[in-house]
Structures are given as structure tokens and as C-alpha cells.
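# Architecture and fold: a report
Now for the letters of each chain:
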Amino acid sequence: MQKEMGGDAGRGALFALGMKLKPYETVAKLIHDACKGFGTNETLLTTALIRYQPILKPVSEAYAEEYGKDLEDVVKSETGGDYRKLLLQVLATGKEM
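My aim in this report is to walk through the structure given alongside it, one point at a time. Note that the structure is predicted; figures quoted are calculated from it, not measured.

Take the packing of aromatic side chains next. Applying the stated criterion across every chain, the model contains 1 aromatic pair. Measuring from ring centre to ring centre gives 4.9 Å for Tyr63 and Tyr67, while their planes differ by 50 degrees; the resulting arrangement is tilted. Taken together, the residues Tyr63 and Tyr67, both in helix 4 (residues 56-67) and 4 residues apart, mark about one turn of the helix. By relative accessible area, Tyr63 is classed as buried at 2%.

The structure is reproduced here in C-alpha cells:
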């Protein structure tokens, strides 16, 4: 599929397919992609945590299984200050849902 549809269209199609087949793993990868490399894509991280808050408990489990790290620890290491406090509260609330 990626060969047929390159760029953003291909990534979007693969994301949509992933959300149908393995939604928790797909969101975990989205969060991982926001945090990998030099710097954090704060817009992507914030958007993912807020948009998928209702399913954060199984996403956290999928993240730990796939990447061997606790999602809360990742948020702590990638963010700081009030922004960190906000995202940790979003994460905690999502895990309670």
C-alpha cells in the first residue's frame, strides 16, 4: 500500500487500517513517533493523549509491551513543567476511564 500511495496519503491510509485492525498498538506507535528522535513533537503528543484519552489504559499496556517502557515514564522524560503536569493528569484520568 505504501508503494501505491506515497507520502502523507500512504501514512494516513496505513494509520486508518491500523486503527481498524490494532487500535491500541497503532495509538501506541503514534505516541512513540511523537517522542522518538531529537526533541518531542509536542503537538502530536498532546493531540494523541487528548484524542485517545478514553482508551489510554489499553494503549499504555500496548506501549509497554511493544517498547518496554511505561508510558507515564516516557511522558515524564519527554516533557517538563506545567506541560508535564497537564499531560500526566490527562494520562492518569484516561487510565481511570
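Our focus in this paragraph is helix 4. Between its first and last C-alpha, helix 4 extends 15 Å over 12 residues, near the 16 Å set by a 1.5 Å rise per residue. What helix 4 keeps buried is the set Leu56, Val59, Ser60, Ala62 and Tyr63. Burial along helix 4 is one-sided: seen end-on, the buried residues are contained in an arc of 165 degrees. Elements in contact with the buried residues of helix 4: helix 2 (23-35), helix 3 (42-51), helix 5 (71-78) and helix 6 (81-96). In the segment just after helix 4, Gly68 is the residue with positive phi, at about 70 degrees.

This part is about the side chain of Thr79. Tracing the sequence through the fold places Thr79 in the loop between helix 5 and helix 6. Within the structure, Thr79 has its side chain in polar contact with the backbone oxygen of Val75 (distance 2.5 Å). Sequence-distant contacts of Thr79, defined by excluding residues within four places in its chain, comprise Leu45, Arg84 and Leu87.

For the rest of this paragraph, the subject is the side chain of Ser60. Along the chain, Ser60 turns up in helix 4. For Ser60, a relative accessible area of 8% corresponds to the buried category. Once residues within four sequence positions are removed from consideration, Ser60 is found in contact with Leu71, Leu91 and Lys95.

So, about the pattern of salt bridges. Overall, the coordinates contain 5 salt bridges when judged by the stated rule. Lys85 is the salt-bridge partner of Asp82, the closest N and O atoms lying 3.8 Å from each other. Of this pair, Asp82 and Lys85 both sit in helix 6, 3 residues apart, roughly one helical turn. Taken individually, Asp82 and Lys85 each receive the classification exposed, so the pair is uniform in this respect.

Rules and cut-offs
Residues numbered from 1 in each chain as written. Predicted model: local features only at pLDDT ≥ 70, side-chain atom pairs only at ≥ 80, totals over all residues. Heavy atoms only, no water. Phe/Tyr/Trp six-rings, centres within 6.5 Å; stacked < 30°, edge-to-face > 60°. Helix = DSSP H or I, 4+ residues; strand = E, 2+ residues; numbered from the N terminus. Buried < 20%, exposed > 50% of the residue type's maximum accessible area, 1.4 Å probe, protein only. Expected span 1.5 Å × (residues − 1). Arc of directions from axis to C-beta. Contact = heavy atoms within 4.5 Å. Polar contact = N/O pair within 3.5 Å; in protein donor to acceptor, adjacent residues only side chain to side chain. Salt bridge = Lys/Arg side-chain N within 4 Å of Asp/Glu carboxyl O.

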